[in-house]
Structures are given as C-alpha cells and as structure tokens.
Amino acid sequence: MAKYIFFIDESGDQDLERFRAGISTKGSEPFLVFGGALIVASERESLEEQLQAIQERIGKNTLHCSDLNHLQRSFYARSVKNMHFLAFGAVSKKATVGGYKREIEGPQQAEWYYNKCAQYLLERIAEFAKVNEIKPEDIRIVFEKKGKHNYEQLRNFISTIRSDPAPKYESSKVLRHIDPRMIEAVAKHDDRLLCLADLVAHAIFVSLSETKTNFGIPEQRYFREIKPKFWCDPQT
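Keep in mind it's a predicted model, so treat the numbers as computed, not measured.

Draft legend 1. Summary view of the layout of surface pockets. Taken as a whole, the largest pocket encloses approximately 430 Å³ of empty space. As for the largest pocket, its lining consists of 22 residues, of which Tyr100, Lys116, Gln119, Tyr120 and Tyr169 are closest to the centre. Residue assignment for the lining of the largest pocket shows that the elements contributing at least two residues are β3 (86-93), α3 (99-103), α4 (109-131) and α5 (151-163). Residue contributions to the lining of the largest pocket peak at six residues, all from α4. Here the lining of the largest pocket is built from residues that sort into 12 nonpolar, five polar and five charged.

Draft legend 2. Up close: the pairing of strand β5 (residues 183-186). Relative to β5, strand β4 (residues 139-144) runs parallel, the two sharing four bridges. Each bridged residue has a counterpart across the sheet, and for Phe143 the counterpart in β5 is Ala185. You can see the chain leave β4, run along α5 and come back into β5, and the turn it takes is right-handed.

Draft legend 3. Fine view of the sheet that holds strand β1 (residues 4-12). Taken in spatial order, the five strands of this open sheet run β3-β2-β1-β4-β5, and their pairing is mixed. Taken across any chain shown, the strands that pair with only one partner, and hence form the sheet edges, are β3 and β5. Within the sheet, the average angular offset between the axes of one strand and its neighbour, ignoring direction, is 25 degrees. By the bridge criterion, nine bridges tie β1 to strand β2 (residues 31-40) in an arrangement that is antiparallel. Within β2, the position partnered with Ser11 by the bridge is Val33. Docked against the sheet, α5 engages β4 and β5, running at close to 160 degrees with respect to β5.

Basis of the calculations
- Residues numbered from 1 in each chain as written.
- Predicted model: local features only at pLDDT ≥ 70, side-chain atom pairs only at ≥ 80, totals over all residues.
- Heavy atoms only, no water.
- 1 Å grid on protein atoms, 1.4 Å probe; cavity = no way out; pocket = protein on both sides within 12 Å on 5 of 7 lines; lining within 4 Å.
- Points joined across faces, edges and corners; volume = space filled by probe spheres on them.
- Helix = DSSP H or I, 4+ residues; strand = E, 2+ residues; numbered from the N terminus.
- Nonpolar A, V, L, I, M, F, W, Y, C, P; charged D, E, K, R; others polar.
- Pairing = 2+ DSSP bridges.
- Right-handed = clockwise from strand over helix to strand, strands pointing away.
- Axes fitted to C-alpha atoms, helices over the stretch in contact; angles between N-to-C directions.
- Contact = heavy atoms within 4.5 Å.

Pasting the structure below:
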C-alpha cells in the first residue's frame, strides 16, 4: 500500500488555437495550470475531518473553488495552512509553447497538451521523491478525471519518457522516481481530498489571470495564503 497520495487537478483549458493575447481580446484562457497536493496516506481520515469542519463553517456542500464565493475561498485558503500537506504547481503559458504546438497538431492536440503539462507537474513530485528517497511504488497519483481524457495514454506517455535512457530534456530523467502504474483518475466528488488540488490549481491560476472583469488585476489572495505550503528543492 502506498505511503503517500498525490492529488492533481488543473485550471484553465487546452485550447492552443484561440487564446487571449490581452485583457481586451477574446479567446480561451492564456494559461493551463496544474496543481497538486501531497498527503501522507495514513493521515487521510484526519484531513477529511478537517475539511469537513471548514465546509460546515462556510455552510457549503463542497469545497471546490468554482462553487465558492471570494470570501469563502479566502477563508478556505487560510484554513488549510494548518493542515498537513504539501502543494506543487506547474504553469504553461500558451504564448510560449512555440514549436511544440506544431509537433502535436491534429485531433488529439488537446490531449497531448494536457499530458505534457501533467508531465511538468509529475517531474516536481518525482524530484520530491528523489530528494526524500521515496520509492516509486510508495506514491499513489490521483488525477481529478477530466471528461473523456485518456489516462491510459497519459500513463503510456510517462512510461515512455521514464524508460528512455537519453530523454530530450535532462529534467525528464527524474520521472524514474515515480511509477506510471500508480496513476489513476477519479471523478471530482469521488474523493473529498481532490478539493486540495483544486484549491492549489485555482489559487495559482487566478493569481495570473488578467481579464476585463478584474480590470487586469489578478486575484492573488488565495495564493498568498497557501504559499507556505509549496515544496521547493532545498538545493535550488
């Protein structure tokens, strides 16, 4: 049985064709953000109880950010600072994707883009595992299931990179510290702790998002509240 569980969710969309170039232009979101929350598996019940207490305090049936107003999200973000978990994040700015967009053109472009961004986040948790000498089989990886996304394809994608003795990018070698067979996807409401990953992804996303609605001023409150939860390599 895995000693840790890494929950993953994303915020934004996978449209690489018609994204906004500025606050006055129309189109999809200019960023795709992945957020993750790592917990100790044996502490699951305690964390669920703490989340339940927060949920009751704000009077909602869920803690997913899209269902909360600003003050509820602010209280939620401040409350989780006292919970035992680590946050991880990865951001893709679509305007910088460049040649990679041409490499994945076609009907599966959105899936390949999702998988590539997921890879960046998985490299972070793999780095954590490497630094802390955690075995690959000791980290269960749980994605919030996104529509009809093919998670078997994602597992195969990570497995291929992981087994390549000379990957295109040096940073990809660290993926050997996670096991693609430990990747699974569950529906939003099938695991309460997915809401932690949802909060991490949402906090990062809105801290970057400049729109007409917010007058080009991103909402950074939630990110500031949970910033101490983020893991970073002690040497870099």
